[in-house]
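# Residue-level structural notes
Residue strings, one per chain:
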Amino acid sequence: MKHPLKPVLLSALLLCMTAGVSMAEDEMPELPAELQATLDALPDEKREYLMEEGEGFAGTWEKLFVRLRGKTSTEIEAFVDAMQYLENASKFNPETDMASIPLNTEAKDFNGWKLMNPRALATQREPGPINLSYYAQGGRGGIQTFANAPVAIYPEDLVAGDVEVAIVGAPLDMGTYYRGQKFGPQAMRTGYYHGGNDMATMVNPSKVLSIVDYGDIAIDNMSSELSVHHVRERVAEIARTGAIPFIVGGDHSLEYPDIAGLADVHGKGSFGVVHFDSHFDAGKGQAHYITHGQPVYRAIKEGHVKGENFIQVGLRGPWPGAWGFEWMRNNGMRYHPMAEVEKKGWKAVMEDALREAREGTEKLFISFDVDVLDPAFVPGTGTPVPGGLTMREAIPIVRALCTESEMIGFEIVELDPLLDNTYRSALNANYIMHACLTGIAMRKTGITDGSYLSELSTEDNQPRAGKRALKDGDAEEIDPDYGRPQR
Ligand SMILES: [Mn+2]
């Protein structure tokens, strides 16, 4: 990637080299005098190449000059030859490289991995959600599911059950090199605290909403490229029934098919996205069609979501550099890196992000990469970055976004339980998903203010310090000897 200032630097440098004048100190370094003669002795084409690519190759002009210092013209020419060799050898070569990865199209089960079971072969039953718990109060028995919810298998189950939220696993992890995200769905199904009452608001999404576990989407974990198209079809299938797809990844490659599938149903550019992540995931120009570092670029480039409706929260670490921020600004995107949180405090940043999310379109998709949280909360993720959000920062913004917007989709990605020998990562991931379910349930019950908190669980006329209770409750008799061995 060329730095946009480079042509200016280059022409100024060449001018200085030929005219022998010193360069302005604040713009570029002075070409060391001992280098001038050796560089002048280079063939024009090689000297120009060195002046064009040398800075990017060495890191800075100063570092380049250090590497060239004391070398003869012949040695510098060999240095330039090596640079040119690397550049050319890195490119696609039709004589030695495969332009595409061949598949065995003779395979009898080529499409078998993603074929839906024909209804004639499926167990006959009435369509609708299936409650898998044989315990009267639900409990932890039966078969574990997302949010302790009943199960649905086919779109007609979603329609028959008037399902509002269908949580579906997408165990894809070929888009990352630190794998194990394919185990994210099963970790979240077996985790603690993934359903029930939200104490902050005293709203219970499990009671207010019709939620189902929609199983896992089939993934060909030998190919992200093949898998994402199938994910897109399945996400669209859920959205077409009117249910909100909640996708549990899986790596962040999923953001592309999740957004594209929603655009197939709701229309391109009809909804906003809030992308929680320590990385901006808008990499481009890589050999692979999709990875967990490229979904944002692809979703914006293909027009599924407008840049002006795309908001990034929690960016930090070394990626992207200046070009990435320029790319986001050129596309009208908004971003709130942790540097901004350091500057203004979380509350102000959160309020900005909430205000931006309300602009434009009412419909919203949330993409939550668990690595936006500090590694203290989620060690189980492939690319953790220190200095992230706390759970006490993340819960209120997710709950508020899901209350104040017409949610059309939600994904939680990059949970890798293999990297965490505790249950904390899955626990926190479930809490984030529950915060959004709570927000959707709040909206359904008529609460439109995302900052709403229940008076019962916060104040509710409790006696202030030094005051007695307004009325005496029924004091419970407690046996102080309970559980002690009898003498
Ligand atoms: Mn990501």
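The model shown is predicted, which means the values in this text are computed figures rather than measured ones.

Counting buried positions along strand E3 (residues 244-249) gives six out of six residues, so the element sits mostly inside the fold. With three bridges joining them, E3 and strand E8 (residues 406-413) adopt parallel strand pairing. Directly across from Phe246, in E8, lies its bridge partner Phe410.

Here we come to the packing of helix H14 (residues 346-358) against helix H15 (residues 391-404). Interaxial distance between H14 and H15 falls to 11 Å at its minimum, and their mutual angle equals 20°. One finds that H14 runs roughly parallel with respect to H15. Here H14 and H15 pass one another in a crossing that is right-handed. Along the contact surface, H14 presents Trp346, Met350, Ala353, Leu354, Ala357 and Arg358, while H15 presents Glu393, Ile397, Ala400, Leu401 and Glu404. Classifying every residue of the contact of H14 with H15 by side-chain character gives eight nonpolar, no polar and three charged.

Turning our eyes to something else, we now look at the nonpolar core. Ranked by size, the top nonpolar core spans 96 residues in total, and within it Val165, Ala166, Ile167, Phe246, Val274, Val398 and Leu401 carry the most contacts. Element by element, the count of residues in this core is highest for helix H16 (residues 424-444), at ten residues. For Ala166, the contacting residues outside a window of four places in its chain are Ala152, Leu158, Val212, Tyr214, Ile238, Ala243, Pro245 and Phe246. Within the second largest apolar cluster, six residues are counted, among which are Leu50, Met51, Leu68 and Ile76.

With parallel pairing, eight strands are arranged side by side in an open sheet as E2-E1-E3-E8-E7-E4-E5-E6. The sheet is open, and its two edges are formed by strand E2 (211-216) and strand E6 (334-336), each paired on a single side. Taking each pair of neighbouring strands and ignoring which way they run, the sheet shows an average axis angle of 15°. Strands in contact with helix H10 (residues 255-266) are E3, strand E4 (272-276), strand E7 (363-369) and E8; relative to E8, the strand with the most contacts, it is inclined by about 160°.

What follows is about unusual backbone geometry. Cis rather than trans, the peptide bond between Gly249 and Gly250 has omega equal to 10°. If you trace the backbone, Gly250 turns up in the loop between E3 and H10. Between Trp319 and Pro320 the backbone carries a cis peptide bond, its omega angle lying at 5°. With respect to the helices and strands, Pro320 occurs in the loop between strand E5 (310-313) and helix H12 (322-330). Here the phi dihedral of Asp281 falls at roughly 55°; this positive angle occurs in a residue that is not glycine. With respect to the secondary-structure elements, Asp281 resides in the loop between E4 and helix H11 (295-301).

The rules behind the values
Residues numbered from 1 in each chain as written. Predicted model: local features only at pLDDT ≥ 70, side-chain atom pairs only at ≥ 80, totals over all residues. Buried ≥ 20, exposed ≤ 12 C-beta atoms within 10 Å, placed from the backbone. Helix = DSSP H or I, 4+ residues; strand = E, 2+ residues; numbered from the N terminus. Pairing = 2+ DSSP bridges. Axes fitted to C-alpha atoms, helices over the stretch in contact; angles between N-to-C directions. Parallel < 35°, antiparallel > 145°, perpendicular 65-115°, else oblique. Left-handed = near helix turned anticlockwise from the far one by under 90°. Contact = placed C-beta atoms within 7 Å. Nonpolar A, V, L, I, M, F, W, Y, C, P; charged D, E, K, R; others polar. Core = buried A, V, L, I, M, F, W, Y, C linked by C-beta atoms within 7 Å.

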